[in-house]
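Below are the chains, spelled out letter by letter.
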Amino acid sequence: MLGYLTKRLIQMTVVLWVVSLIVFMMMSFTGDPVFMVVPIDATDAEIAQARRILGLDQSLFVQYVKFLTSIFEGDFGRSYVFRQPALDLILQRMPATLEMVLVAMALAVVISIPLGVYAGAHPGSRISKTIMAGSLFGISLPGFWVGMMLIYLLAVQWGWFPSSGRGDTVEVFGMRVSLLTADGWTHIILPAVTLSLGTMAILLRITRAGMMEVGRQDYMKFARAKGVAPRDVLFRHGLKNSLIPVVTIFGLQIGDLIAFATITETIFSWPGMGKLLIDSIYRADRPVIVVYLMLVALIFVVINFLVDLLYTLIDPRITLK
Amino acid sequence: MSVQKQALLEVRDLKTRFYTFAGVVNAVDGVSFSVGRGEILGLVGESGGGKSVIGFSILGLIDPPGKVDDGEILFGGVDLRRKSEKELQKIRGKEIAMVFQDPMTSLNPLQTVGEQIDEMLRLHSDLDGKARRARCIEMLSDVGISEAEKRLNNYPHQFSGGMRQRVVIAIAMIAGPQLIIADEPTTALDVTIQSQILKLMKQQVREREASMILITHDLAVVSQMADEIVVLYCGKIVEKGPKQDLISKPAHPYTQGLLGSIPKLHDRQDRLTQIPGTVPDVRNLPQGCNFRERCPFAQARCAEEEPEQHALDAGRSVACHFPLEQELAP
Amino acid sequence: MQGFLKSEFFFNYRRSASAIIGSALMLVFAIYVAFGPWLVAQNPHDIASLELLDSFKPPAWLEGGDPRYLLGTDGQGRDILASVVYGARISVMIGVTAMLCSCLIGTVLGLLAGFYRGVIDSFIMRIADIQLSFPSILIALFLMSAVGTGIDKVLIALTAVGWVVYARTVRGSTLSEIEKEYVQAARVAGLPDRKIILKHVLPNVLTPLIVIATIQVGTFVLIEASLSFLGVGVPITQPSLGLLVKNGFDVLFSGLWWTSAFPGLAIMMLVFGINLFGDFLRDELNPRLK
C-alpha cells in the first residue's frame, strides 16, 4: 500500500512536471506580454524596464527555473490585469465553478444511470431505442448553443429563470455557496443543465454498454438458473459489474465538465474560474492562464488517483500495486 | 440395475429454433427422452449439436432470437412449458439445478463465494441467517473445499478452476434439487482435475438420490458416469439406450465413430479412428440422413429418405436405415 | 455492387432507421459543402452584395419577414441561410481535414510504436496517456490561446488532440498482428520492415479506424464550434457555424434569436447525422457486439 502510494505520488509529480513544461513552453511562444502592462505611449526605455521587472529579458531556461522555484514557494505570479496574485484570483472563483460542476454531475448521474441500465437490459425495446437516440442527440448538441437557446426561451421570453450571474450566496467555511439559497438555485439550474447534457449522454451510453456486456456473461445466466428473478439478476448481479466501466470514465467526465464549464460560464456570466480563464485569454493575462492550467492539471491528477482507489473498492480482483 | 424406474423428467418432441439473420436454425429438432429417478443420463454429441440448448430449454432459459417452439417437458408429470416465469423461478435451482461449462465465468466476480451459495438458500429455503451460514459451510466441505468457513469470504478469483467448479457444484446441490443438468462440467478444466470433479458429481448425485443429465462431447466421460446414453447429431437423436449395450454394440455409425475416437486401455489399437468431415451447416441441412456425407456405410436410400427412430431390443432405439450388426426387434 | 446490395451490411443498413437518417443528413451537408455557392442567392462574404436596409429581418414566415431571406438576416443584412451554408462548408472542411491529419499522424506513430516497441513505444504511449487524462477541449483551448486564431491553427490544435486515439488503436492491432504467423514468416524471409508494415500490417489494422474517423469528424466540428464561439477559433473573415452562433449571441438579448438559432441547429444536425451513422458503423464493424 505504501509502495503503491509512493509510486502514484511520483507518477503524479512527473505528470505535473511535464504539464508545467508544456504550459511554460507554449506560453513563451505567445505574443509579448510586456505590452499588456505598459501604457500605449510607453517609451522604449519604459518597455525595457517593464521587461526586466517581469523577468522577460532572461533566457527561457532561466525563466523556467524561476517559474518552477516560485511555484514551489507558492508564488504563481501576479495577474497583469488585476495586479493581484493569480492564485488568489483563481481560488476565489473556484467554488462557483465546482458548485456548478457538482450539480451538473449529480444531474447526469441521477438521470443517466437508471436510463442506461434500462436500455442495456432491454436492448430491443422501443423505449430503449428512444433513450439511445436521445443520448446520441445529447452528444451531438453544441452545449453553448443549448445554453443560449435556454436563455432565450426560459429567461428572455418567459422569464422563468434569471439569464446570468450567480444570485444570492451564503458564506460557508469562507467559501461563497449559492446552493443554500432559493435564488442561488434558480441561477444555477440553467447553467448546470446545459453543462450536464453531454456528460449525461456519455454516462448513459457507457452504462448501457456495460449492462449489455454484462448481460452476455455466464454468471448472469447462471444466476437465472439459480432461480433469481430477472429484476434481481439485473440489479444484484449485473449493475455493480456494469458500473466498472462507468467508474473508469467518471474521472474523465469530471475533467470534461470543468473544461466545458469555461464555455457555460461565459454564456451565463457565471463568476467562476472558467470565465476568468477565457477573459484572461482575451487579455493575454499569462500568469492567470498558467495557474489555471496547473491547478486544473492537479485536480485531474488527483481525481484519477481517487478513481483508481474507488476501483479497488468495487472490484475485488484489482489490488493496488 | 434395470429396476423399472419412474420417469422424473420426460421430454417429448422438443423443438427449439433460433431465428437469426442467416435463417432459422433448428438447434433441437424433435428430441424425446426421459430421465428416471436416481438415473444419470448422458447427452452426447459433437459441439454445435444442440446439446446445451436442450438443457436451457428444460429450464425455460432460451433467450431471443431462440424459442422453444414445440414439445412437452414433463417434470414430475407436469409440463414446464405451461408454467409461468414466476413458477419457473421456484423450480430453477430448487428442483432443477444447473452446472455450467466454464467455472471461470459462471461465478459473479464481484460477490464472495459465500454470498453466491447463500443466495440459493435465501431464495429456496426458510432458514435464518445463522442456519444458512452453517449449511453453506457444510456444503462447501462436502464438495471438498478445506477451511470452508474461511473460504466463504473469498472471491471467485481467489480459487483455482477446479475449486471454482466445486463451488458451482455446491451451489447446484445446496437446495437439494431432484435433477441436475451439467453442461460440459469438466471441459474447461485440466485433465487431472476432470476425473476428480466427475467423481464428486457422481457421488453427490447418488448420495442425494438425485437424477442428472450430463451434457458432453466426450463419450469417455459419459461411459464413466451415465446409466443411459442419448446420442445427438444436428439437433436430432440418432441413438439411445442403456450405457453398457450402447457402448459395446453401437448401432449407429455416428456412435461408432465417436467410440472410435476414444483411446482404449485394454484393446490393442494401432491408431484412433476419427469421423471424417465436419458437422454440416445447421441452417442448410442436406436432404435425407444428416450424417450420410460422413458415413462410411451410406447408400442411395440415405440420401433420399430421413431415417425414423425405431426400437431395437433392450430399451434401445436408433435412427438409421442400416444399423450396425443388430437384429431388429420384431 | 451486386455483392454489396446482397451483403449483411446493406441488409442491416436498410433496416436501421438511424443509419438511413444519419447518412441522409450527411448527404445533405455533403451536397451543400460541394455545391453551396450555387444553391444560395447571396455570397455572405462579399460585402458588396449585402443590403444594409435588410438588416435583422426575421425568418420569412414571421411578421416582417422577407421571402428573399428564408431564415432572416443578421445586422449587416446577410442572409442567414447563405451564412449557414458558407459556414457549414468551413466547419465541415475543418472537421474532415483535421480528421485526415490526425488519422495519418496517429496511424504512423501507432505503427511505429507497435512494430518497433521499446523506447519509441513507451515515449509515444506516455504522451498519449498524459494527453488522454485531459479533456480535448481544454487542450485545444490552451493551444489556441497560445498560437492565436486562424483556420490553420485550428487544424493544428485539433490534430494535436486527435492523433492519440488512432495511435493507441493502431498500436494495439499492430501488436496482435505482428504476432501472427504470416508476419513472422515475412520477417524471417528478410522482407524489409517498410514492406512488412505497408503490405501486411497496415491493411489489417485499418477497419477499426473507419468508425473512429467517422465519429471524430463530428467531435471536431463541435470542438471547432466551441473554440470559435469563444473567439479563439476561426477568424471573423471566415466564419464557421460556431462563430455565427457567437455573432448571434451578442444580439440574443434583443430577441433576435434567428441569427444564432439556425447556425446552431445546423451544427446539431450535422453532428447528429455523423453520430447516427457512426453508431451504426460501430455496431456493424465490431463483431463482438453482435
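Asker: Quick question: what am I supposed to make of the overall build of chain A here?
Answerer: Of regular secondary structure, chain A possesses 12 helices and 2 strands. Mapped in sequence order, the helices and strands of chain A form the string α-α-α-α-α-α-α-β-β-α-α-α-α-α. Seen through its principal axes, chain A has C-alpha atoms that stretch 85 × 60 × 35 Å. Burial analysis of chain A (321 residues in total) assigns 43% to the buried set.

Asker: Please clarify how the overall build of chain B should be interpreted in this entry.
Answerer: A tally of helices and strands in chain B yields 12 helices and 12 strands. Expected size for 330 residues packed as a compact globule is a radius of gyration near 20 Å; at 21 Å, chain B falls within 12% of this value. Each principal axis of the C-alpha distribution contributes one length, and for chain B these read about 70 × 50 × 45 Å. Burial status across chain B gives 44% buried among its 330 residues.

Asker: I'm lost on the nonpolar core in this one. Help?
Answerer: The nonpolar side chains of a soluble globular protein tend to be buried, and buried together. Ile90(A), Met100(A), Ala170(B), Ile180(B), Leu214(B), Val238(B) and Ala140(C) are the most contacted members of the largest nonpolar core, which totals 259 residues. Built from parts of two domains, this core gets at least three residues from each of domain 1 (2-72) and domain 2 (89-314) of chain A.

Asker: When you look at the domain arrangement of chain A in this model, what are you seeing that I'm missing?
Answerer: A common way to state how big an interface is: give the accessible area lost once the parts meet. Residues and elements named next belong to chain A. Domain assignment breaks chain A into domain 1 (2-72) and domain 2 (89-314). Relative placement of domain 1 and domain 2: their C-alpha centres are 33 Å apart. The interface of domain 1 with domain 2 comprises 12 residues on the first partner and 11 residues on the second. Here the side of domain 1 that touches domain 2 gets 8 residues from one element, more than from any other, and that element is helix α1 (residues 2-29). Its residues assigned to classes, the side of domain 1 that touches domain 2 comprises 8 nonpolar, 3 polar and 1 charged.

Asker: Help me understand the interface of chain B and chain A in this model?
Answerer: With 23 residues of chain B at the contact, the number on the chain A side is 17 residues. Listed by contribution, the elements that provide at least two residues to the side of chain B that touches chain A are α2 (85-91), α3 (103-106) and α4 (113-124) of chain B. Among the elements that line the side of chain B that touches chain A, the one with the most residues is α4(B), at 4 residues.

Asker: I keep staring at the interface of chain A and chain C and nothing clicks. Help me out?
Answerer: Each partner contributes residues to the interface: chain A has 33 residues there, and chain C has 36 residues. The set of elements that each furnish at least two residues to the side of chain A that touches chain C consists of α1, α6 (126-140), α7 (143-157), α10 (230-268), α11 (273-282) and α12 (286-314) of chain A. In terms of residue class, the side of chain A that touches chain C is built from 26 nonpolar, 6 polar and 1 charged.

Asker: Would you mind going over unusual backbone geometry with me for this structure?
Answerer: Glycine aside, negative phi is the norm for most residues, and most peptide bonds take the trans geometry. A cis amide bond links Pro64(B) to the next residue, Pro65(B), at an omega of 10°. Structurally, Pro65(B) can be placed in the loop between α1 (51-58) and β4 (66-75). Although it is not a glycine, Ala284(A) sits at a positive phi angle of roughly 50°. Positionally, Ala284(A) belongs in the loop between α11 and α12. With a phi close to 45°, Glu184(B) is a non-glycine residue in the positive phi region. Secondary-structure assignment places Glu184(B) in the loop between β7 (179-183) and α8 (191-207).

Asker: How do you make sense of the pairing of strand β9 (residues 228-233) of chain B when you look at a structure like this?
Answerer: Along any regular strand, the residues point their side chains to alternate faces of the sheet. Residue and element names in this part refer to chain B. Burial analysis of β9 places 6 of its 6 residues in the buried class, the great majority of the element. Covered by surrounding structure in β9 are Glu228, Val230 and Leu232 together with Ile229, Val231 and Tyr233, the residues of both alternating faces. Sheet topology note: the strand β3 (residues 40-44)/β9 ladder contains 4 bridges and is parallel. Across the sheet, residue Val44 finds its bridge partner in β9, namely Val231. Linkage of β9 to strand β10 (residues 236-242), two consecutive antiparallel strands, is achieved through a turn of 2 residues, within which Cys234 is found at a positive phi near 50°.

Asker: How should I be thinking about the pairing of strand β8 (residues 211-216) of chain B in this particular structure?
Answerer: Residues and elements named next belong to chain B. Within β8, 6 of the 6 residues are buried, which leaves it mostly tucked inside the rest of the structure. Of the two faces of β8, the one holding Ser211, Ile213 and Ile215 and the one holding Met212, Leu214 and Thr216 are both buried throughout. As judged from the 5 bridges shared by β3 and β8, these two strands associate in the parallel manner. Note on β8: the bridge partner recorded for Val44 is Thr216. Bridge count for β7 against β8 is 5 bridges, and the pairing is parallel. The partner of Ile181 across the bridge, within β8, is Ile213. The β-α-β motif built from β7, the intervening α8 and the parallel element β8 has right-handed crossover chirality.

Asker: Is there a simple way to explain the environment of Arg216(A) in this structure?
Answerer: You can see Arg216(A) is positioned in the loop between α8 (182-215) and α9 (218-225). Sequence separation between Arg216(A) and Ala104(A) is 112 residues; the distance between their C-alpha atoms is 32 Å.

Asker: Is there a simple way to explain the sheet that holds β9(B) in this structure?
Answerer: Backbone-to-backbone hydrogen bonds join strands into a sheet, with any given pair of strands oriented parallel or antiparallel. Residues and elements named next belong to chain B. Reading across from one edge, β6-β7-β8-β3-β9-β10-β12-β11 is the order of the 8 strands in this open sheet, with mixed pairing throughout. Since the sheet does not close on itself, it has two edges, and those belong to β6 (96-99) and β11 (310-311), each with one partner. Looking at chain direction, β10 and strand β12 (residues 317-318) are connected through 2 bridges and run antiparallel. If you follow Lys240 over to β12, its bridge partner there is Ser317. In this fold helix α7 (residues 161-174) packs onto β6 and β7, with an angle of close to 175° to the strand it touches most, β6.

Asker: How should I be thinking about the packing of helix α5 (residues 86-121) of chain A against α12(A) in this particular structure?
Answerer: Residue and element names in this part refer to chain A. One can describe the packing of α5 onto α12 by two numbers: an axis separation of 9 Å at closest approach and a directional angle of 55°. By the angle between their directions, the pair α5 and α12 is classed as oblique. In this structure, α5 crosses over α12, and the sense of that crossing is right-handed. Judged by residue contacts, Ala86, Leu87, Leu89 and Ile90 of α5 engage Pro287, Val288, Val291, Tyr292 and Leu295 from α12. In terms of residue class, the contact of α5 with α12 is built from 9 nonpolar, no polar and no charged.

Asker: Explanation requested: the sheet that holds strand β2 (residues 23-36) of chain B in the structure shown.
Answerer: Residue and element names in this part refer to chain B. Reading across the sheet, the 4 strands line up as β2-β1-β4-β5 and stay open at both edges, with antiparallel pairing between neighbours. The sheet is open, and its two borders are formed by β2 and β5 (78-79), each paired with just one other strand. Pairing of β4 with β5 involves 2 bridges; the strand directions are antiparallel. What sits directly across from Phe75, in β5, is Val78. Against the sheet, α1 engages β1 (7-20), β2 and β4, with an angle of about 70° to β2.

Asker: What's the story with α1(B) in this structure? I'm lost.
Answerer: Residue and element names in this part refer to chain B. Of all the 8 residues making up α1, 7 are buried; the element is thus mostly covered by neighbouring parts of the structure. Every buried residue of α1 is listed here: Lys51, Val53, Ile54, Gly55, Phe56, Ser57 and Ile58. Phi for Gly60, located one or two positions after α1, is positive at around 70°.

Asker: Quick question: what am I supposed to make of the environment of Glu85(B) here?
Answerer: Among the structural elements, Glu85(B) can be located in helix α2. For Glu85(B), a count of 9 C-beta atoms within 10 Å translates into the label exposed.

Asker: Before we go on, may I ask you to explain the packing of α9(A) against α10(A) in this structure?
Answerer: Each packed pair of helices is defined by two parameters, the angle between the axes and the distance between the axes. Residue and element names in this part refer to chain A. One way to put it is that α9 packs onto α10 with a least axis distance of 10 Å and a crossing angle of 140°. As the angle between them shows, α9 and α10 are arranged oblique. Crossing angle aside, the handedness with which α9 passes α10 is right-handed. Facing α9, whose interface residues are Tyr219, Met220, Ala223 and Arg224, α10 presents Val233, His237 and Gly238.

Asker: Where do I start with the environment of Ile258(A) in this structure?
Answerer: Residue and element names in this part refer to chain A. Checked against the element boundaries, Ile258 lands in helix α10. Residue class for Ile258 comes out buried when judged on the 24 C-beta atoms lying within 10 Å of it. Residues within four places of Ile258 in sequence aside, it is in contact with Thr97, Val101, Val296 and Ile299.

Procedures and definitions
Residues numbered from 1 in each chain as written. Chains lettered and ligands numbered in written order. Predicted model: local features only at pLDDT ≥ 70, side-chain atom pairs only at ≥ 80, totals over all residues. Helix = DSSP H or I, 4+ residues; strand = E, 2+ residues; numbered from the N terminus. Buried ≥ 20, exposed ≤ 12 C-beta atoms within 10 Å, placed from the backbone. Rg over C-alpha atoms; globule rule 2.2 N^0.38 Å. Core = buried A, V, L, I, M, F, W, Y, C linked by C-beta atoms within 7 Å. Domains from an automatic or database assignment. Contact = placed C-beta atoms within 7 Å. Nonpolar A, V, L, I, M, F, W, Y, C, P; charged D, E, K, R; others polar. Pairing = 2+ DSSP bridges. Right-handed = clockwise from strand over helix to strand, strands pointing away. Axes fitted to C-alpha atoms, helices over the stretch in contact; angles between N-to-C directions. Parallel < 35°, antiparallel > 145°, perpendicular 65-115°, else oblique. Left-handed = near helix turned anticlockwise from the far one by under 90°.

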